Amino acid sequence: MKVRLYPGWISRLFVFAVGMLTFTGFMQMPLAKRYYLTEVPGMAWTGDFYMVHKLHYIFAAILLFVVGVVVVNWFLEWNDKLSLTPFGMARVAILGGLIISGGFRVYRNLPDVTMYPDLVMLIEWVHFGLVMVLGGVALVALLKRRSAYAIKK
Amino acid sequence: MDDVGWWNINQRTKRKSTIMKRSKKDSGNLSRRGFLKTLGVGGAGMLVPSASMAAQERVPTPSDGELATLLDLSKCIACGECVTACRESNAAKFPEPVEYPKMIPTKRAKTQDWSNKRDVDDRLTPYNWLYIQTAEVEHAGETHEIHIPRRCMHCQNPPCSHLCPFGAASKRKDGITRIYDEICMGGAKCKTVCPWHIPQRQSGVGLYLDLMPRLAGNGVMYKCDRCYQLLDKGELPACISVCPEDVQTIGPRYEIVAQAKALAREMNGYIYGMNENGGTNTIYVSPVPFELLNKAIDRDNSEYKGLGKGKPHLKRVADSMADETNLATATIVAPIAGIAAGFLGLGAKLLKSDDNEQGGSDES
């Protein structure tokens with residue numbers, strides 16, 4: 001039986017947020033209508049680009065809340081008792097990159113903010129590339145049955 | 001000289017010096033330096049009435065911020081010079097399709113080919129980035145025939161750019177929203193999210209042909225880029241320099257806004273574009289309300305069934321990105337709330353795991 005060392009709600013909320021961010025992130029591409037996903041009952045919203053975009057923001061906020069809780073707990077409590085696994089470290093680094101590049105995206109979308117087009121393009125592709133890498137690393141970790149981010153010291 | 005008219009004066013000065021020869025060549029011949037010299041020498045004498053408005057040289061710099069255009073619709077005569085000049089100025093950017101892959105699924109992903117309809121000029125197409133709408137309206141006891149040059153509005157906070165998943169559309173510091181054809185996949189999302197549905201697709205060109213042409217992408221989107229290649233050299237966009245009626249003026253947005261308000265007051269007219277979609281860099285001033293114009297251009301189509309594809313409306317437009325702007329606050333507040341919750345001990349207590357050293361979990 002698998003047992004998480006940290007509270008289950010943290011893990012579940014994290015997985016939910018990352019999963020929904022990945023889905024709404026991919027739905028930023030105009031694929032839902034082309035591939036009939038919008039025809040599936042209850043999935044019509046996937047063809048509403050603004051809706052998908054706003055949901056991406058909301059799931060990002062949920063993820064950032066979890067990250068805030070975990071970071072504080074790590075430095076206050078868990079640091080002495082837990083250590084990151086190699087797969088955990090890799091995913092934390094990738095996640096950090098995703099949060100930073102996503103933060104730039106949110107900043108760029110504000111009124112009165114104009115960033116250089118080359119930088120915008122770089123941020124887009126870094127964000128897109130990192131989520132692909134995160135998916136790959138997560139899949140390998142799952143297949144190797146080493147999906148834990150942290151283990152007991 | 002009034003700052004407001006600095007770029008418009010260039011246009012007028014240049015036209016006078018070429019004795020009303022209106023051609024694309026005209027628009028491209030005057031360098032920034034030449035234009036500024038002309039502005040200092042001839043422009044002031046021609047247009048400026050008093051010493052207190054003495055001409056001053058102005059070089060567009062990043063500190064000028066976004067450039068906007070003002071279109072005085074009371075002047076447009078629908079001569080079509082701007083449409084022709086736009087085509088000529090941007091001819092090198094037009095798509096030259098090489099192949100049309102059969103796409104999947106065929107019912108949903110349809111090829112859009114305008115390459116054999118390049119002459120179409122009564123709507124926006126990949127080969128026609130500017131066209132003129134005409135509206136005949138009754139207002140205040142008078143009949144007005146108003147002609148409206150239509151092209152990209154160059155929004156201040158452009159959703160086409162912000163929602164493009166590949167960064168293929170971007171707003172420049174000078175307020176131009178450009179679609180970069182090397183990166184664009186032609187998914188037409190920008191067209192869908194644009195309140196005026198401006199960008200137009202040409203299949204058979206672009207990056208998608210080198211990736212998964214049958215499965216993703218469908219060409220490249222095209223629209224007005226305000227002749228950035230000319231502006232970069234300190235020259236006017238072709239549609240502005242060629243206009244025989246001085247319909248358009250370009251300059252820093254805050255000056256154009258002031259000029260638009262003054263013009264509207266002067267003609268007892270109406271403004272469109274100032275606040276549309278949160279503010280655009282294309283501001284129309286008309287002697288008749290835009291609601292009437294919108295109804296009138298709608299009438300051109302059969303039985304009020306909408307303007308049709310490639311024919312933008314003139315309705316009032318709310319800020320498309322307003323919700324995202326509000327949600328941005330949530331992405332700032334959320335981690336702060338998480339940190340505060342962490343300090344309050346939320347989730348701090350670790351579980352016992354005597355029998356599981358690996359602490360397996362299901363994180364993704």
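So, how was this worked out
Residues numbered from 1 in each chain as written. Chains lettered and ligands numbered in written order. Predicted model: local features only at pLDDT ≥ 70, side-chain atom pairs only at ≥ 80, totals over all residues. Helix = DSSP H or I, 4+ residues; strand = E, 2+ residues; numbered from the N terminus. Buried ≥ 20, exposed ≤ 12 C-beta atoms within 10 Å, placed from the backbone. Contact = placed C-beta atoms within 7 Å. pLDDT = per-residue confidence, 0-100. Nonpolar A, V, L, I, M, F, W, Y, C, P; charged D, E, K, R; others polar. Pairing = 2+ DSSP bridges. Axes fitted to C-alpha atoms, helices over the stretch in contact; angles between N-to-C directions. Parallel < 35°, antiparallel > 145°, perpendicular 65-115°, else oblique. Left-handed = near helix turned anticlockwise from the far one by under 90°. Domains from an automatic or database assignment. Expected span 1.5 Å × (residues − 1).

> Got a minute to help me understand the overall build of chain B in this structure?
Helix and strand content of chain B: eleven helices and ten strands. Classification of the 364 residues of chain B by burial places 46% in the buried group. Intrachain contacts of chain B at a sequence separation of at least 6 include 66% that bridge at least 24 residues.

> Whenever I open this one, the overall build of chain A confuses me. Can you help?
Check the secondary structure of chain A and you find four helices and two strands. When the helices and strands of chain A are listed from N to C terminus, the series reads α-α-β-α-α-β. Here the C-alpha coordinates of chain A stretch approximately 45 × 40 × 25 Å along the principal axes. Residues classed as buried in chain A amount to 38% of the 153 residues present. When contacts within chain A are restricted to residue pairs at least 6 apart in sequence, those whose partners lie at least 24 apart make up 77%.

> I tried to follow the confidence of the model for chain B on my own but got confused; where do I start?
Low-pLDDT stretches of the model should not have their predicted coordinates read in fine detail. Residue and element names in this part refer to chain B. On average, chain B scores 83 in pLDDT, and the residues at 70 or more come to 77%. Predicted confidence is poor over residues 1-60, with pLDDT under 50, and the contacts of this stretch with residues over four places away or in other chains come to 92 contacts. Confidence drops under pLDDT 50 across residues 355-362; counting only partners more than four residues distant or on other chains, this segment forms 24 contacts. What the predictor reports for the complex is a pTM of 0.85 with an ipTM of 0.93.

> I would appreciate a short explanation of the environment of Leu63 of chain A in the present structure.
Residues and elements named next belong to chain A. Summarising the element assignment, Leu63 is placed in helix α2 (residues 49-76). Using a count of 25 C-beta atoms within 10 Å as the deciding quantity, one classes Leu63 as buried. Taking the C-alpha atoms as reference points, Leu63 and Ile99, separated by 36 residues in sequence, lie 9.3 Å from one another. Those residues in contact with Leu63 that lie beyond four places of it in its chain are Ala17, Val18 and Leu21.

> Explain the interface of chain A and chain B here, please?
Note: interface size is frequently given as the accessible area lost on complex formation between the parts. Opposite the 56 residues of chain A that make contact, chain B presents 54 residues. Every element with two or more residues in the side of chain A that touches chain B is listed here: α1 (8-26), α2, α4 (117-143) and β2 (150-152) of chain A. Here the element with the most residues in the side of chain A that touches chain B is α2 of chain A; it accounts for 18 residues. Grouping the amino acids of the side of chain A that touches chain B by side-chain chemistry returns 38 nonpolar, nine polar and nine charged.

> Could you clarify how one ought to interpret the sheet that holds strand β1 (residues 67-72) of chain B in this entry?
Hydrogen bonds along the backbone pair up the strands of a sheet, which may run parallel or antiparallel. All names here are of chain B. Read across the sheet, four strands follow the order β8-β1-β10-β9 without closing on themselves; strand pairing throughout is mixed. A single partner strand is all that each edge strand has here, and the edge strands are β8 (248-252) and β9 (270-272). Mean inter-strand twist for the sheet, computed between neighbouring axes without regard to direction, equals 25 degrees. Sheet analysis places β1 next to strand β10 (residues 282-286), joined by four bridges and oriented parallel. Residue pairing across strands places Asp72 opposite Val285, the latter belonging to β10.

> What am I meant to see in the packing of α2 of chain A against helix α11 (residues 322-343) of chain B here?
Between α2 of chain A and α11 of chain B, the least distance of the axes is 6 Å, while the angle of their chain directions is 20 degrees. When the axis of α2 of chain A is compared with that of α11 of chain B, the two are roughly parallel. The two elements α2 of chain A and α11 of chain B meet at a crossing, and its hand is right-handed.

> What's the story with the environment of Lys311 of chain B in this structure? I'm lost.
All names here are of chain B. Looking at the element boundaries, Lys311 is found in the loop between α10 (290-299) and α11. Overall, Lys311 belongs to the partly exposed group, with 19 C-beta atoms counted inside 10 Å. C-alpha of Lys311 to C-alpha of Pro95: the two residues are 216 residues apart in sequence and 21 Å apart in space.

> Please clarify how the packing of helix α3 (residues 86-108) of chain A against α4 of chain A should be interpreted in this entry.
Packed helix pairs are characterised by how far apart their axes lie and by the angle those axes make with each other. Residues and elements named next belong to chain A. Closest axis-to-axis distance for the α3/α4 pair is 9 Å, and the angle between their directions is 155 degrees. The pairing of α3 with α4 is recorded here as roughly antiparallel in orientation. Relative to α4, α3 is oriented so that their crossing is left-handed. In contact with Phe87, Ala90, Arg91, Ile94, Leu95, Gly97, Leu98, Ser101, Gly102, Phe104, Arg105 and Arg108 of α3, α4 contributes Val120, Ile123, Val126, His127, Leu130, Val131, Val133, Leu134, Val137, Ala138 and Ala141. Residues that form the contact of α3 with α4 fall into these classes: 16 nonpolar, four polar and three charged.

> Is there a simple way to explain the domain arrangement of chain A in this structure?
Residue and element names in this part refer to chain A. For chain A, the assigned domains are domain 1 (1-80) and domain 2 (84-153). With four residues of domain 1 at the contact, the number on the domain 2 side is five residues. Of the residues in the side of domain 1 that touches domain 2, the class split is two nonpolar, two polar and no charged.

> I tried to follow α11 of chain B on my own but got confused; where do I start?
Count 3.6 residues to each turn of an α-helix, and residues three or four apart come out pointing the same way. End to end, α11 of chain B covers 33 Å across 22 residues, agreeing with the expected 32 Å (1.5 Å per residue, within 8%). Listed as buried for α11 of chain B are Glu324, Leu327, Ala328, Thr331, Ala334, Pro335, Gly338 and Gly342 of chain B. As for α11 of chain B, its buried residues are in contact with α2 and α3 of chain A. Gly345 of chain B sits one or two positions beyond α11 of chain B and adopts a positive phi of about 95 degrees.

> How do you make sense of the pairing of β8 of chain B when you look at a structure like this?
Residues in a regular strand project their side chains so that they alternate between the two faces of the sheet. Residues and elements named next belong to chain B. Counting buried residues along β8, five of its five residues qualify, which places the element largely inside the surrounding structure. In this structure, β1 lies alongside β8, joined through five bridges in antiparallel fashion. What sits directly across from Thr69, in β8, is Ile250.

> Looking at this structure, I do not really get α3 of chain A. What am I missing?
Helix length check: α3 of chain A (23 residues) gives 33 Å between terminal C-alpha atoms against 33 Å at 1.5 Å per residue, within 8%. Taken residue by residue, α3 of chain A has Gly88, Arg91, Ile94, Leu98, Gly102, Arg105 and Val106 of chain A as its buried positions. Packing partners of the buried residues in α3 of chain A comprise α2, β1 (82-84), α4 and β2 of chain A together with α11 of chain B.

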